[in-house]
Amino acid sequence: MAEVRERLLPPRRISSATSITHNDAHSTAAVRRPLFQGMDVPWLKKRGQGLRSWIRVDAATGGSQVIEVDKFSMMRRCDLPARDLRLLDPLFLYPSTILGREKAIVVNLEQIRCIITADEVLLLNSLDSYVLQYVNELQRRLAAHSGDGFHGWSTSPDYLPFEFRALEVALEAACTFLDTQAGELETEAYPLLDELTSKISTLNLERVRRLKSRLVALTRRVQKVRDEIEQLMDDDGDMAEMYLTEKKSRLEASFFGDQSLLGYSSTGAGLSVSAPVSPVSSPTNSRKLEKAVSLSRSRHDSMKSSESEKENIEGLEMLLEAYFVVIDNTLNKLTSLKEYIDDTEDFINIQLDNVRNQLIQFELLLTTGTFVVAIFGVVAGVFGMNFAIPLFDNPIAFQWVLVVTGICGIIIFCGFLWYFKHRRLIPL
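Residues numbered from 1 in each chain as written. Predicted model: local features only at pLDDT ≥ 70, side-chain atom pairs only at ≥ 80, totals over all residues. Heavy atoms only, no water.

Quick word on the overall build of the protein
Scanning the protein from terminus to terminus reveals 12 helices and six strands. Residue burial in the protein is summarised as follows: out of 428 residues, 29% are buried. Across the protein, contacts joining residues at least 24 apart in sequence account for 67% of those joining residues at least 6 apart. Total accessible area on the protein is roughly 28800 Å²; 59% of this is exposed by carbon and sulfur atoms. (Helix = DSSP H or I, 4+ residues; strand = E, 2+ residues; numbered from the N terminus. Buried < 20%, exposed > 50% of the residue type's maximum accessible area, 1.4 Å probe, protein only. Contact = heavy atoms within 4.5 Å. Areas by Shrake-Rupley, 256 points an atom, 1.4 Å probe, with all protein chains shown as cover.)

This is how it looks when you write it as structure tokens:
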């Protein structure tokens with residue numbers, strides 16, 4: 001029976017604990033690891049490294065193109081920290097900012113958010129008309145500057161390097177945008193305020209309240225741009241830091257100077273070996289000559305750089321001062337509009353106070369008249385009692401009661417009026 005039962009039963013499965021060896025257990029554990037753990041898969045997109053579309057304007061040619069660069073590549077390309085790139089993110093609302101860095105200028109002015117270097121301008125790709133106007137205007141000025149350079153006018157006193165021309169176009173676009181909004185607000189405000197002074201209504205008051213909220217927000221934005229320009233004008237170090245072309249030319253000059261100096265020293269060393277002079281005096285003279293050349297070059301470069309830095313600061317300061325006057329004019333326009341709204345509100349409040357006082361005076365007179373009329377009700381109540389008096393038998397008693405009650409009411413009312421006049425409650 002046991003043999004028949006074993007033939008009929010299905011075969012036993014071998015247990016995993018007995019069939020898997022120690023090495024196979026390690027391989028099974030390796031297989032059970034999460035997928036792609038520790039692997040660099042090129043098509044797997046890492047978090048925070050999404051590509052973003054930028055509009056690039058070249059400084060040499062003035063041509064524009066759309067490129068897609070991720071965040072970390074842009075940080076390495078412009079040598080910027082992550083917090084500076086965060087200022088350009090359209091998902092966040094940051095106030096207007098102009099930051100000068102080692103190799104770039106970060107500009108966040110209203111609709112214009114860009115990175116300016118000595119060789120290019122990088123703007124966040126957008127369909128906004130102000131961004132497209134910025135690109136077109138910058139290309140136009142670069143084309144005009146290339147024509148000036150061809151005719152030999154690039155050495156004029158009004159010459160500005162590429163980064164300052166790009167910054168000027170950004171300041172012009174921001175100031176124009178804010179001034180346009182201020183003009184539209186003025187066009188809407190003055191007719192509305194005139195209508196409010198002629199007719200006070202809930203609808204007009206609500207419209208003025210919304211207008212004032214927009215005015216306060218726009219004034220805050222204009223004030224921030226003005227403060228940013230003023231802060232740059234007051235700090236010579238920040239203005240000197242923004243001169244990227246000068247720093248780039250210094251870096252290239254120092255690089256080529258070091259290369260030529262190395263070539264000279266190697267040539268001098270070769271001559272010292274082959275020349276029939278003392279082996280001790282030759283290296284000493286070459287080193288002295290090398291030190292003298294490097295010292296004179298460093299002094300000349302430092303004097304030249306200090307003079308050029310002073311001139312560049314003055315040029316940038318004049319540029320910032322021009323747009324400071326423009327934005328200050330816009331701020332004065334908004335301030336005048338706010339003062340006009342405040343004066344209108346004061347006038348409306350005075351009118352409302354007068355109406356409120358008139359209503360209070362009318363209510364006071366009405367209450368006094370009601371009190372006087374109530375005297376007749378008291379007399380009627382007294383004579384309406386159910387008891388007999390001899391006065392009822394006199395036929396003219398009713399007329400005398402009316403006359404006496406009326407005279408008493410008039411006297412009481414005049415007494416109240418005299419009291420109100422004495423206390424200056426009612427202008428009589």
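Picking up where we left off.
Topic: the confidence of the model for the protein
Summary statistics for the protein give a mean pLDDT of 76 and a share of 71% for residues scoring 70 or more. Throughout residues 12-48 the model reports pLDDT below 50, and contacts reaching past four residues in sequence, or to other chains, amount to seven contacts. Residue range residues 264-283 is modelled with pLDDT below 50. Its contacts to residues more than four positions away, or to other chains, number four contacts. (pLDDT = per-residue confidence, 0-100.)

Some thoughts on the packing of aromatic side chains
Enumeration over the complete set of coordinates arrives at seven aromatic pairs. Following the ring pairs from residue to residue traces out a cluster consisting of Phe371, Phe416, Tyr419 and Phe420. (Phe/Tyr/Trp six-rings, centres within 6.5 Å; stacked < 30°, edge-to-face > 60°.)

Some details on the nonpolar core
Grouped together as the largest cluster of nonpolar side chains are 62 residues, with contacts concentrated most on Ile116, Val121, Leu123, Tyr134 and Ile229. Residue contributions to this core peak at 18 residues, all from helix H7 (residues 162-198). Every residue in contact with Val121, bar those within four places of it in the chain, is listed here: Ile55, Arg56, Val57, Cys114, Ile115, Ile116, Tyr134, Leu138, Phe162 and Ala166. One finds Met74, Leu80, Val106 and Ile115 within the second-largest nonpolar core, a separate group that totals 16 residues. (Core = buried A, V, L, I, M, F, W, Y, C linked by side-chain atoms within 4.5 Å.)

As for the sheet that holds strand E6 (residues 120-124)
Taken in spatial order, the six strands make up an open sheet running E2-E1-E6-E5-E4-E3, and their pairing is antiparallel. The open sheet has two free edges, formed respectively by strand E2 (64-69) and strand E3 (97-100), since each of these has just one partner strand. Direction aside, neighbouring strands of the sheet carry axes that sit 20° apart on average. Bridge count for strand E4 (residues 105-109) against strand E5 (residues 112-116) is five bridges, and the pairing is antiparallel. Its bridge partner lying in E5, Val106 is registered against Ile115. (Pairing = 2+ DSSP bridges. Axes fitted to C-alpha atoms, helices over the stretch in contact; angles between N-to-C directions.)

Digging into the pairing of E3
Pairing geometry for E3 and E4, over four bridges, is antiparallel. When the sheet's bridge partners are listed, Leu99 is paired in E4 with Val106. Between E3 and E4, which follow one another and run antiparallel, lie four residues.

As for a nonpolar patch on the surface
A contiguous nonpolar patch, built from Val378, Val382, Phe383, Met385, Phe387, Leu391 and Phe392 and spanning about 610 Å² of accessible area, is present on the exposed surface. According to the relative accessible area criterion, Phe383 is partly exposed, its value standing at 32%. (Patch = residues over 30% accessible without salt bridge, like charges linked within 9 Å, V, L, I, M, F, W, Y side chains within 5 Å. Salt bridge = Lys/Arg side-chain N within 4 Å of Asp/Glu carboxyl O.)

Re the pattern of salt bridges
For the structure on display, the rule yields 24 salt bridges. Here Asp89 and Arg52 are joined by a salt bridge, their closest N and O atoms 3.8 Å apart. Residue Asp89 is found in the loop between helix H5 (82-86) and E3, and its partner Arg52 is found in strand E1 (residues 52-58); the two are separated by 37 residues along the sequence. In this structure, Arg141 engages Glu168 in a salt bridge whose closest nitrogen and oxygen atoms are separated by 3.7 Å. Placement of the pair is Arg141 in helix H6 (residues 129-151) and Glu168 in helix H7, with a sequence separation of 27 residues. Linked by salt bridges that have partners in common, Glu137, Arg140, Arg141, Glu168 and Glu172 make up one network.

Comments concerning a negative patch on the surface
Where like charges cluster on the molecular surface, the negative patch consists of Asp234, Asp235, Asp236 and Asp238. A relative accessible area of 31% means that Asp235 is categorised as partly exposed. (Lys, Arg positive; Asp, Glu negative; His and termini not counted. Charge placed at Lys NZ, Arg CZ, Asp CG, Glu CD.)

As for the environment of Ile348
Within the secondary structure, Ile348 sits in helix H11 (residues 281-383). Separated by 149 residues in sequence, Ile348 and Lys199 have C-alpha atoms that sit 9.9 Å apart.

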